[in-house]
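# Overview (structure and organization)
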2 protein chains.
Amino acid sequence: MTNITLTTYDWVPELPRGYVRDLRIRWALEEAGMSYNVASTPFRQREAEHLAHQPFAQVPWLTDGDLSIFETGAILLHLGAQSHRLMPGDPAGRAKVTEWLFAALNSVEAASLPWSILSFSKPEAGIPEALVGFLSARLSRMEAVLSSGDWLAGPFSVADIAMADVLRLVGRLGGLGDYPTCQAYVARATARPAFIKAHADQMAHFAAADHR
Amino acid sequence: MTNITLTTYDWVPELPRGYVRDLRIRWALEEAGMSYNVASTPFRQREAEHLAHQPFAQVPWLTDGDLSIFETGAILLHLGAQSHRLMPGDPAGRAKVTEWLFAALNSVEAASLPWSILSFSKPEAGIPEALVGFLSARLSRMEAVLSSGDWLAGPFSVADIAMADVLRLVGRLGGLGDYPTCQAYVARATARPAFIKAHADQMAHFAAADHR
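The structure contained in this document is the topic of the report that follows. (Residues numbered from 1 in each chain as written. Chains lettered and ligands numbered in written order. Predicted model: local features only at pLDDT ≥ 70, side-chain atom pairs only at ≥ 80, totals over all residues. Heavy atoms only, no water.)

What follows is about the nonpolar core. Core analysis: the largest hydrophobic core is formed by 128 residues, its most contacted members being A:Trp100, A:Met142, B:Trp100 and B:Met142. If near-sequence neighbours (up to four positions away) are discounted, B:Met142 is found in contact with A:Phe56, B:Trp100, B:Val108, B:Leu152, B:Met163 and B:Cys182. (Core = buried A, V, L, I, M, F, W, Y, C linked by side-chain atoms within 4.5 Å. Buried < 20%, exposed > 50% of the residue type's maximum accessible area, 1.4 Å probe, protein only. Contact = heavy atoms within 4.5 Å.)

Bringing the pattern of salt bridges into the picture now. Inspection of every chain in the model, using the stated rule, returns 22 salt bridges over all chains. We note a salt bridge from B:Lys197 to B:Glu30, for which the minimum N-O separation is 3.5 Å. Linking B:Lys197 in helix H8 (residues 193-210) with B:Glu30 in helix H1 (residues 22-32), this pair joins segments that are 167 residues apart in sequence. Residue B:Glu30 is classed as partly exposed on the basis of its relative accessible area of 22%. The network of salt bridges with common partners includes A:Arg21, A:Arg24, A:Glu109, A:Asp165 and A:Arg168. (Salt bridge = Lys/Arg side-chain N within 4 Å of Asp/Glu carboxyl O. Helix = DSSP H or I, 4+ residues; strand = E, 2+ residues; numbered from the N terminus.)

With that settled, the discussion passes to the side chain of B:Glu143. All names here are of chain B. When you line up the elements, Glu143 lands in helix H5 (residues 129-145). The side chain of Glu143 sits in the buried core without any salt bridge; Arg188 is the nearest counter-charge, 9.7 Å away. Once residues within four sequence positions are removed from consideration, Glu143 is found in contact with Tyr179, Pro180, Thr181 and Cys182. (Lys, Arg positive; Asp, Glu negative; His and termini not counted.)

What follows is about the sheet that holds strand S3 (residues 61-64) of chain A. Residue and element names in this part refer to chain A. Judged by pairing direction, the sheet is mixed, and its four strands sit side by side in the order S2-S1-S3-S4 without closing on themselves. The strands lining the two open edges of the sheet, one partner per strand, are strand S2 (37-41) and strand S4 (67-70). Taking the axes of each pair of neighbouring strands and ignoring which way they run, one obtains an average angle of 25° across the sheet. Against the sheet, helix H1 (residues 22-32) touches strand S1 (4-9), S2 and S3, its axis set at about 155° to S1. (Pairing = 2+ DSSP bridges. Axes fitted to C-alpha atoms, helices over the stretch in contact; angles between N-to-C directions.)

Another aspect to go through is the packing of helix H3 (residues 72-80) of chain A against helix H4 (residues 91-121) of chain B. Viewed as axis vectors pointing N to C, H3(A) and H4(B) meet at an angle of 140°, and their least axial separation amounts to 7 Å. The angle between the axes of H3(A) and H4(B) places the two elements in the oblique class. Side by side, H3(A) and H4(B) meet where A:Gly73, A:Ala74 and A:Leu77 of the first sit next to B:Thr98, B:Glu99 and B:Phe102 of the second. (Parallel < 35°, antiparallel > 145°, perpendicular 65-115°, else oblique.)

Residue and element names in this part refer to chain B. Taken in spatial order, the four strands of this open sheet run S2-S1-S3-S4, and their pairing is mixed. Lying at the two open borders of the sheet, with one neighbouring strand each, are strand S2 (37-41) and strand S4 (67-70). The mean angle between the axes of side-by-side strands here comes to 25°, regardless of whether they run parallel or antiparallel. In this sheet, S4 lies alongside strand S3 (residues 61-64) in antiparallel orientation, the contact comprising four bridges. Across the sheet, the residue bridging to Asp64 is Leu67, located in S4. Against the sheet, H1 contacts strand S1 (4-9), S2 and S3, and its axis sits at roughly 155° relative to S1.

One chain copy maps onto the other through a rotation about an axis and a shift parallel to that axis. The two copies are related by a screw motion: chain A maps onto chain B through a turn of 180° and a shift of 0.0 Å along the axis, at an RMSD of 0.0 Å. Look at the turn and shift together and you get a two-fold axis relating the two. Using C-alpha coordinates, one finds that chain A approaches the rotation axis most closely at A:Ala110, a distance of 2.4 Å. A share of 100% of interface residues in chain A that are also interface residues in chain B marks the association as one of identical surfaces. (Least-squares fit on C-alpha atoms with pLDDT ≥ 70 in both.)

Right, let's get into the environment of A:Met163. All names here are of chain A. With respect to the secondary-structure elements, Met163 resides in helix H6 (residues 158-172). What makes Met163 buried here is its relative accessible area of 0%. Distance from Met163 to Ala74, taken between C-alpha atoms, is 14 Å for residues 89 residues apart in sequence.

So, about the interface of chain A and chain B. At the junction of the two partners, chain A supplies 42 residues and chain B supplies 42 residues. Both faces considered, chain A and chain B share a buried interface measuring about 3,500 Å² in area, 73% of it formed by carbon and sulfur atoms. The largest contributions to the chain A side of the interface with chain B come from A:Phe56, A:Phe102 and A:Asn106, which together make up 21% of the buried area. Across the contact surface, chain A and chain B share zero salt bridges. Contributions of two or more residues to the side of chain A that touches chain B are made by S4, H3, helix H4 (91-121) and helix H5 (129-145) of chain A. Of the residues forming the side of chain A that touches chain B, the biggest block, 19 residues, is contributed by H4(A). Along the lines of polarity and charge, the residues of the side of chain A that touches chain B split into 29 nonpolar, seven polar and six charged. (Buried area = accessible area lost by both parts, 1.4 Å probe. Nonpolar A, V, L, I, M, F, W, Y, C, P; charged D, E, K, R; others polar.)

Here you go:
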């Protein structure tokens, strides 16, 4: 029996499947070999109960006993503290994972998310130059960083789950053409059995809803 | 004597003064009453030594004894673990601060930063509708969240430092007009003596460089 429940949408359209953020948490749980339940919240009606767990009406959230946590970064840190397969136990190792986790979300995804949103929504005027430059500055630095080792903070960690998932979406949208080292990193991360299982499980979860 | 050194640029142009991210760290250090040194790295030449501490060639970074940490989120968590004025010591309290810290950076700033960049760079076609909608969705939710208490996670915490600083820049650019509760939150946060000192110290740091 497990105390951990991960909540995601009951259904999403085809486009975001395989990219909904519960994937990051499934991936971490699989890496750690922790058992967990998956629960659903309606995609179409996001009501008070949903907002009580996730105030931006997004997913996922995780409950662990009495604790309910939202934000994938916070959930990854919470799980990291429970498994050395996700984060080392020593202060210096923890600090390195923590800074790279924030870097994935606040330095790289802060630049990739607006670019991704506009790559999907295709504004008539194209993607503003300032945002293209913002992303390429970050990717150029990641290209250099990733040339010095397989993973960001020594052994594979929750920082790699976040960073690889952020870069994976950029790659899907054709944004990694000039960044072969970033591409290789995404390929390396997504070849891990825990990613493959997490991804298949998310796809199956949403596909099951189509048949209800 | 202190082991803590905060590094920021030696100089920046007028426009970003008062908004460079070392402010978030100064603010936390002042709230906690911790002593610290401030060091400078060249704004115009960002070299190997800079990249060794901050791989995106940004500021700030913090050294604490042998540890060197970048990303304001990671630094705020590191300091939070050292002072109950910044983060409670119990697991539930820590989890709440951590999720709201990530929310400030990955849910709200992820939406406000592209909007802010375009508000400054003023692309001819205006700010794409998808990004305007992204920010207003987040601000609407923050307006509801902030109506239920002075601070995000019970007592004032590092989560409020991050969130108030994120919203402060939106306000500076005229983006909080429809969000009076967010405005009041920024006013409440920036009236704190620790913010006032941190802000004055950053302004003085960059002004001193003008006279060299």
